[in-house]
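Single-letter residue listing:
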Amino acid sequence: MSNSSESAANDKRSRILDAAQSLFLRYGVKRTSLDDVVREAGIAKGTLYLYFDSKDALFAAIAERLCAETFKNATEAIAFSSSITSRIVGFLDAYIGSMHRLTAQSPHIAELTESKEALAAAIYGAFDRKMRTLLQELLRDGHIERRDAVDMFFAAALGTLRTGDSDEKSYRARLTALTDFLVAGLTQITRGRGAS
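This structure is a prediction, so every number in the text was calculated from the model and none was measured. Position numbers for residues count from 1 along each chain, tracking the sequence in the order it is written. Only residues with pLDDT of 70 or above have their local features reported here, since the model is predicted, and side-chain atom pairs are shown and tallied only from 80 upward, although totals for entire chains, interfaces and linings are computed over all residues. By convention in this description, side-chain values take in all heavy atoms of the structure and omit both hydrogens and water.

Student: Just checking my understanding: could you explain the side chain of R101 for this structure?
Tutor: Secondary-structure assignment places R101 in helix 5 (residues 84-105). Classification of residues uses two cut-offs on accessible area relative to the type maximum, computed with a 1.4 Å probe and protein chains only: under 20% is buried, over 50% is exposed, and between them is partly exposed. Its relative accessible area of 18% is what places R101 among the buried residues. Note on contacts: a residue pair is in contact if any heavy atoms of the two residues lie within 4.5 Å. Residues contacting R101, with those up to four places away along its chain left out, are D93, S166, D167, E168 and Y171. Going along the chain from the N terminus, every DSSP run of H or I of four or more residues is numbered as a helix, and every run of E of two or more is numbered as a strand.

Student: Help me understand the packing of helix 4 (residues 55-79) against helix 5 in this model?
Tutor: Packed helix pairs are specified by the crossing angle of their axes together with the interaxial distance, meaning the distance between the axes. As a rule, the C-alpha atoms of each element are fitted with a line to give its axis, helices using only the stretch in contact, and angles between N-to-C directions run from 0 to 180 degrees. For the pair helix 4 and helix 5, the least separation of the axes is 7 Å and the interaxial angle reads 150 degrees. The orientation of helix 4 relative to helix 5 falls into the category roughly antiparallel. As helix 4 runs across helix 5, the sense of the crossing is right-handed. On helix 5, the residues that touch L66, T70, N73, A74, A77 and I78 of helix 4 are R87, G90, F91, A94, Y95, M99 and L102. Throughout this description, any angle smaller than 35 degrees is read as roughly parallel, any larger than 145 degrees as roughly antiparallel, any in the 65 to 115 degree range as roughly perpendicular, and the remainder as oblique. Here is the rule for handedness: rotate from the far helix to the near one, and if that takes an anticlockwise turn smaller than a right angle the crossing is left-handed, while a clockwise turn gives right-handed.

Student: Looking at this structure, how should I read the environment of I43?
Tutor: Relative to the elements of secondary structure, I43 occurs in the loop between helix 2 (34-41) and helix 3 (45-51). Judged by its relative accessible area of 12%, I43 falls in the buried class. Here the alpha-carbon distance between I43 and K12, two residues 31 residues apart in the chain, equals 8.5 Å. Setting aside its immediate chain neighbours within four residues, I43 contacts R15, I16, V38 and L48.

Student: Explanation requested: helix 4 in the structure shown.
Tutor: Note: α-helices contain 3.6 residues per turn, so residues at a spacing of three or four share the same orientation. Over its 25 residues, helix 4 extends 36 Å from the first C-alpha to the last, a length consistent with the 36 Å expected when each residue adds 1.5 Å. Its side-chain oxygen at 3.4 Å from the backbone nitrogen of D56, S54 defines the N-terminal cap of helix 4. Working rule for helices: expected span equals 1.5 Å times residues minus one. Whenever a nitrogen or oxygen atom comes within 3.5 Å of another N or O atom, the pair is scored as a polar contact, on the condition that within protein one atom can donate a hydrogen and the other can accept it, and that pairs from neighbouring residues in sequence are kept only if both atoms are in side chains.

Student: Looking at this structure, I do not really get the packing of aromatic side chains. What am I missing?
Tutor: A pair of aromatic rings is counted whenever rings of Phe, Tyr or Trp (Trp by its six-membered ring) have centres within 6.5 Å, and the orientation is called stacked for planes under 30 degrees apart, edge-to-face for over 60 and tilted otherwise. Under the defined criterion, the tally for this structure stands at 5 aromatic pairs. Here the aromatic rings of F91 and Y95 are separated by 5.9 Å at their centres, their planes lie at 45 degrees, and the arrangement is tilted. With F91 and Y95 both in helix 5, this residue pair falls 4 residues apart, about one helical turn. Y95 shares its class with F91; the two are buried. Across from the ring centre of F71, 4.0 Å away, lies the NZ or CZ of K130, which sits over that ring. Charge-over-ring contacts are defined here by two conditions on Lys NZ or Arg CZ: a distance within 6 Å of the ring centre and an angle within 35 degrees of the ring normal.

Student: I keep staring at the pattern of salt bridges and nothing clicks. Help me out?
Tutor: Side chains carrying opposite charge are able to pair once their charged atoms draw close together. For this analysis, a salt bridge means a side-chain nitrogen from Lys or Arg found within 4 Å of a carboxyl oxygen belonging to Asp or Glu. Tallied over the entire structure, the rule returns 11 salt bridges. Here D93 makes a salt bridge to R172, at a shortest N to O gap of 3.3 Å. With D93 in helix 5 and R172 in helix 9 (residues 168-195), the pair connects residues that are 79 residues apart, well separated along the chain. When its relative accessible area of 3% is taken as the criterion, D93 is described as buried. Residues D148 and R146 are paired through a salt bridge, measuring 2.5 Å at the closest nitrogen-oxygen approach.

Student: It is not clear to me how the nonpolar core should be interpreted in this structure. Could you clarify?
Tutor: Buried together is how nonpolar side chains tend to be arranged in soluble globular proteins. In these notes, a set of buried Ala, Val, Leu, Ile, Met, Phe, Trp, Tyr and Cys residues joined through side-chain atoms within 4.5 Å is what counts as a nonpolar core. One finds F91, L92, L135 and F153 to be the most contacted residues of the largest nonpolar core, which totals 54 residues. Sorting the residues of this core by element identifies helix 1 (3-27), helix 2, helix 4, helix 5, helix 7 (118-141), helix 8 (149-161) and helix 9 as the ones contributing at least two each. The element that contributes the greatest number of residues to this core is helix 4, accounting for 10 residues. Ignoring any residue separated from it by four or fewer positions in sequence, one finds F91 in contact with A74, A77, I78, M131, L134, L135, L138 and F154.

Student: Is there a simple way to think about helix 8 in this case?
Tutor: Across its 13 residues, helix 8 extends 19 Å between first and last C-alpha, which sits within 8% of the 18 Å expected from 1.5 Å per residue. Among the residues of helix 8, A149, V150, F153, F154, A156, A157, T160 and L161 are the ones counted as buried. Taken down its axis, helix 8 places every buried residue within 155 degrees of arc, on the same side. Picture the helix axis, draw a direction to every C-beta atom, and the arc is the one those directions span.

Have a look at this one:
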């Protein structure tokens, strides 16, 4: 396949995914038909089937795309921050805070992110393990070795959502204060073990 035909194929696939995601967010997965996606994307039904053989396959592709975007945002947040606290906060906001803000925009986003459908559940399960590993590596870089530290930071990120506004600025400010506290305490524990 030439570069131009590969690019055209990727554009059509992206257009289909954009249309499906938009409809899923507006009306929900169950209430959106493949015919709706075809109309929204402005393509022939046969074109849809060249890329996706079912609504489940389309749903799984959107799940993969949401996970890939979140992972990209989380790794960029880590790469472009200098202190361990700002790196952790950037990661947690990309992973937990932004997903919460997205959920607040549509009552149907939960269908996309909490699916019990087997294929999407497997995608989200693998994604969650990948994100846990990324946070564990980040903490290790910050000399935080405690085994349950990942769970502590996830609990802090989730708890922070419940203590005030979830807009990015407010959420990150509260999460930064809590993360500073956790980092200070957990690095003290690590130093204390090293001294004995």
